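Here are the chains, one letter per residue:
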Amino acid sequence: MNEHILLPEGSIEKQTTTLNLGPTHPATHGVFQNILELDGERILKSTSTVGYIHRAFEKIAERRPLYQITPLTDRLNYCSSPINNMGWHITCEKLLNVKIPKRVDYLRVIIMELSRISDHLICNSIVGVDSGAYSGFLYLMQYRELIYEIYEEICGSRLTTTIGRIGGFERNFTPAAFQKLEKFLKEYPKTLKEFENLFTRNRIFMDRTIGCGPISAERALNYGFTGPNLRAAGVDYDVRIHTPYSSYEDFDFVIPVGTTGDCYDRFLVRNEEMWQSLSIIEQAFQKVQEFKGADAEVFHADSPAYYLPEKKDVYTKMEALIYHFKIVMGETEMPAGEVYSSVEGANGELGFYLISDGGRTPYRLHFRRPCFIYYQAFEELVKGGMLSDAIITMSSLNLIAGEMDA
Amino acid sequence: MATAASHYDLARFGAERMSFSPRQCDLLLVMGTIAKKMGPVLRQVYLQMAEPRWVVAVGACASSGGIFDTYSVLQGIDQVIPVDVYVPGCPPRPEAILDGFLKVQDLVNAEGLRRRHSDQYKELLAGYGIQ
Amino acid sequence: MVLTNETIQLKLTEKFPDQLTDWLEPYGMLTFTAPKDLNLKVLQFLYNDAELRFQFLTDLQAVHYPDNKGAELAVVYHLHNLVDNVRIRFKIFVDIDKADVFSATALYRSANHMERETYDFFGVNFIGHPNLIRILNVEEMDYFPMRKQYPVEDQSRIDKDDEMFGR
């Protein structure tokens with residue numbers, strides 16, 4: 001940084017350039033703005049603005065019964081919406097004291113790990129695109145399509161899934177869903193291996209990303225980093241291990257950690273997490289297969305007051321009709337209390353702080369969005385670096401505007 | 001994103017190159033929620049495009065505000081810029097986006113040569129405060 | 001030694017006798033209320049104490065209780081001790097007309113955006129914050145939208161029929 005040629009005072013070359021990166025710049029992958037002050041290609045200062053896609057989720061949530069908040073959570077981190085859905089359901093279940101059967105937990109784990117893969121594969125392939133290697137993106141996107149087909153088989157939608165209900169799933173997984181899952185488990189490792197071969201030891205890619213946007217573990221913690229970005233800096237904090245939810249304690253997996261917290265480490269950590277997720281899915285798949293007979297039909301908890309009854313029961317049973325009406329009309333009262341529950345989202349600790357005053361809607365709901373919190377470090381990460389490094393840093397942090405602005 | 005990638009491949013329908021500058025574009029695809037903070041930016045992008053230009057509002061949020069009937073969300077981008085095709089869905093399937101794209105092509109085919117110079121068109125733009 | 005909620009409570013009451021109130025444990029998370037002038041002192045103590053080590057600020061937000069006269073706004077801190085894996089939550093209550101709270105940005109860098117968001121939504125004035133401006137909403141906004149008296153819908157709208165949309 002200090003290798004400048006000495007210039008006389010007031011020389012025109014001493015003037016800095018101001019560059020407006022975003023909010024509609026294609027390199028920002030979402031709508032947020034960075035005003036960069038440049039000296040040549042070096043970044044002297046960066047000022048970021050967010051809020052271009054602020055939709056007031058927390059305010060809407062105060063007017064909605066618990067069920068109607070699930071679609072809002074979809075739209076937080078839309079690359080891995082099932083994790084958000086499950087996180088929200090788990091929060092509600094904690095407040096409502098609903099006990100979840102093991103099989104549902106395992107099915108949830110499958111869904112959550114699938115969406116973690118779909119999120120990481122986008123992030124990593126976009127890092128590739130931004131460093132000039134477009135083909136990796138095309139390789140992996142094909143497999144995101146397979147994941148989406150599994151979602152479609154389970155819940156009917158692709159991107160914003162609104163998957164599951166409080167207490168379980170809306171229906172059992174079909175055999176076709178399991179077949180598609182098997183197909184994915186068989187085919188994806190090959191492509192992921194190929195993708196790794198393209199990038200991991202690629203000289204150009206290494207030169208571009210090693211030492212780009214590094215952060216130390218202390219700084220990362222102070223900045224509130226969580227998830228793969230914190231792990232790349234060398235802290236093995238993972239909500240799945242620290243506060244296991246959805247029976248994660250039954251699975252055997254490794255938390256990959258990096259050392260320097262630069263883009264290359266973040267890339268490697270995400271890649272390794274995809275392998276770990278694949279192994280978790282395989283374990284969960286096996287565990288699900290072990291349920292036989294009536295146990296293999298369990299897909300929701302036995303809590304009629306909160307879980308929407310089956311349609312055929314609604315037509316024939318009085319009690320089911322009452323609960324159906326109460327749930328659909330949003331007239332279920334929830335116990336008063338406050339609960340904080342978090343899941344390991346694809347970007348980090350996704351927390352839900354729910355305060356209920358005993359009414360039908362939350363009194364206050366706050367989302368702890370990991371993106372929003374670690375984005376503040378961006379100004380520091382890119383300072384003194386090159387403009388092109390800022391783009392890679394941005395994409396390797398996996399900044400999702402929908403999550404940032406809520 | 002899926003629309004442009006390998007599986008659905010928008011390029012088959014003549015959109016090979018996504019342009020990264022509005023000045024070289026004919027078509028503006030507005031995807032996702034547009035907050036009030038974003039409104040002026042969107043308008044700026046539209047102004048930077050050269051005539052003839054078309055706009056597709058992709059998704060319920062861009063078309064009408066969708067489920068976000070809140071203080072911070074623009075209730076449809078047609079409040080700030082004129083829109084040619086609305087694609088429904090939240091979010092629309094890639095097929096729907098492709099269909100919307102083909103609809104724009106139909107519009108382009110059917111459009112008279114002088115439409116952009118007509119008084120009616122000028123009136124439309126003036127309605128949005130665009131000269 | 002495992003750090004339990006009782007130990008934390010004991011240590012805190014030792015340091016701040018009779019000042020911390022409302023000790024609760026909803027769903028296993030230790031919760032207490034501190035006087036508003038003490039928030040930074042409590043945070044500092046929790047941060048620096050060799051045994052407590054609450055050095056990770058998980059979350060910071062506010063809640064509006066309009067009926068709680070004189071202490072309408074609650075600022076809620078969620079802290080996490082990553083070594084012993086313990087979480088606690090503490091609240092401070094402030095008057096809505098004089099919502100001055102000491103900023104935690106010097107202790108936790110992550111508080112920067114969270115405090116700006118809280119200011120944006122509730123109008124809590126964080127003293128000592130380096131750049132306390134709106135973050136998510138437009139700068140021209142003249143009210144704090146998350147306060148309970150403001151409706152969620154845009155009031156300047158004319159295109160939707162109120163009767164049809166059940167306003």
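Residues numbered from 1 in each chain as written. Chains lettered and ligands numbered in written order. Predicted model: local features only at pLDDT ≥ 70, side-chain atom pairs only at ≥ 80, totals over all residues. Heavy atoms only, no water.

Asks: How would you explain the overall build of chain C if you had to name every residue and give the values?
Replies: Secondary structure summary: chain C contains three helices and seven strands in total. Helices and strands in chain C line up, N terminus first, as α-β-β-α-β-β-β-β-α-β. Sorting the 167 residues of chain C into buried and exposed places 54% on the buried side. Nonlocal contacts in chain C, meaning residues at least 24 apart in sequence, comprise 51% of its contacts between residues at least 6 apart. Summed over its atoms, the accessible surface of chain C is roughly 7,700 Å², and 50% of this surface lies on carbon and sulfur atoms. (Helix = DSSP H or I, 4+ residues; strand = E, 2+ residues; numbered from the N terminus. Buried < 20%, exposed > 50% of the residue type's maximum accessible area, 1.4 Å probe, protein only. Contact = heavy atoms within 4.5 Å. Areas by Shrake-Rupley, 256 points an atom, 1.4 Å probe, with all protein chains shown as cover.)

Asks: Talk me through the interface of chain A and chain C; I want residue IDs and the actual numbers.
Replies: Listed as interface residues are 40 residues of chain A and, on the opposing side, 44 residues of chain C. Buried surface at the junction of chain A and chain C, summed over both partners, amounts to about 3,600 Å²; 55% is from carbon and sulfur atoms. There are six salt bridges connecting chain A and chain C. Among the ionic pairs, Arg89 of chain C bridges to Glu338 of chain A, the shortest N-O distance being 3.7 Å. Taken together, chain A and chain C are joined by 24 residue pairs in polar contact (both at pLDDT 80 or more). At four residues, strand β4 (residues 337–344) of chain A tops the list of elements feeding residues into the side of chain A that touches chain C. Among the residues making up the side of chain A that touches chain C, the classes are represented as 16 nonpolar, 11 polar and 13 charged. (Buried area = accessible area lost by both parts, 1.4 Å probe. Salt bridge = Lys/Arg side-chain N within 4 Å of Asp/Glu carboxyl O. Polar contact = N/O pair within 3.5 Å; in protein donor to acceptor, adjacent residues only side chain to side chain. Nonpolar A, V, L, I, M, F, W, Y, C, P; charged D, E, K, R; others polar.)

Asks: A description of the nonpolar core should follow, citing residues and the corresponding values.
Replies: Among the nonpolar cores identified, the biggest contains 193 residues, and Phe184 and Tyr188 of chain A, Ile77 of chain B together with Val42, Tyr77 and Phe90 of chain C are the most heavily contacted of them. In terms of residues, this core owes the most to one element, helix α4 (residues 102–130) of chain A, which gives 13 residues. Tyr340 and Ile355 of chain A together with Ala74 and Val76 of chain C belong to the second-largest nonpolar core, a separate cluster that totals eight residues. (Core = buried A, V, L, I, M, F, W, Y, C linked by side-chain atoms within 4.5 Å.)

Asks: I'd like a rundown of the interface of chain A and chain B, residues and numbers included.
Replies: How big an interface is tends to be stated in terms of accessible area lost as the parts join. At the interface, 30 residues of chain A touch 23 residues of chain B. The junction of chain A with chain B conceals about 2,300 Å² of combined surface from both sides, 67% of it contributed by carbon and sulfur atoms. Among the residues chain A hides against chain B, the three largest losses belong to Tyr52, Arg55 and Arg158 of chain A. Together they make up 21% of the total. Here chain A and chain B share one salt bridge between them. Between Glu152 of chain A and Arg93 of chain B there is a salt bridge whose closest N-O contact spans 2.3 Å. At the surface where chain A touches chain B, the tally comes to five residue pairs in polar contact (both at pLDDT 80 or more). Top contributing element to the side of chain A that touches chain B by residue count: helix α5 (residues 135–155) of chain A, with eight residues. Residues of the side of chain A that touches chain B, tallied by class, amount to 15 nonpolar, six polar and nine charged.

Asks: Please provide a residue-by-residue account of the state of the cysteines, values included.
Replies: Residues and elements named next belong to chain A. If you walk through the whole model with that rule in mind, you get zero disulfides over all chains. With no disulfide partner, Cys263 has as its closest neighbouring cysteine sulfur the one in Cys212, 3.5 Å distant. You can call Cys263 buried: its relative accessible area is 0%. (Disulfide = S-S within 2.5 Å.)

Asks: Describe the pattern of salt bridges, and please don't skip the residues or the numbers.
Replies: Taken as a whole, this structure holds 36 salt bridges over all chains when the rule is applied. A salt bridge links Lys148 of chain C to Glu62 of chain A; the shortest N-O distance between them is 3.1 Å. Of this pair, Lys148 of chain C sits in the segment after β7 (125–127) while Glu62 of chain A sits in the loop between α1 (57–61) and α2 (66–74), which puts the two residues in different chains. On the basis of relative accessible area, Glu62 of chain A is assigned to the buried category, the value being 7%. One network of salt bridges, with partners in common, ties together Glu113, Arg116, Arg231, Asp238, Arg240, Glu273 and Glu344 of chain A.

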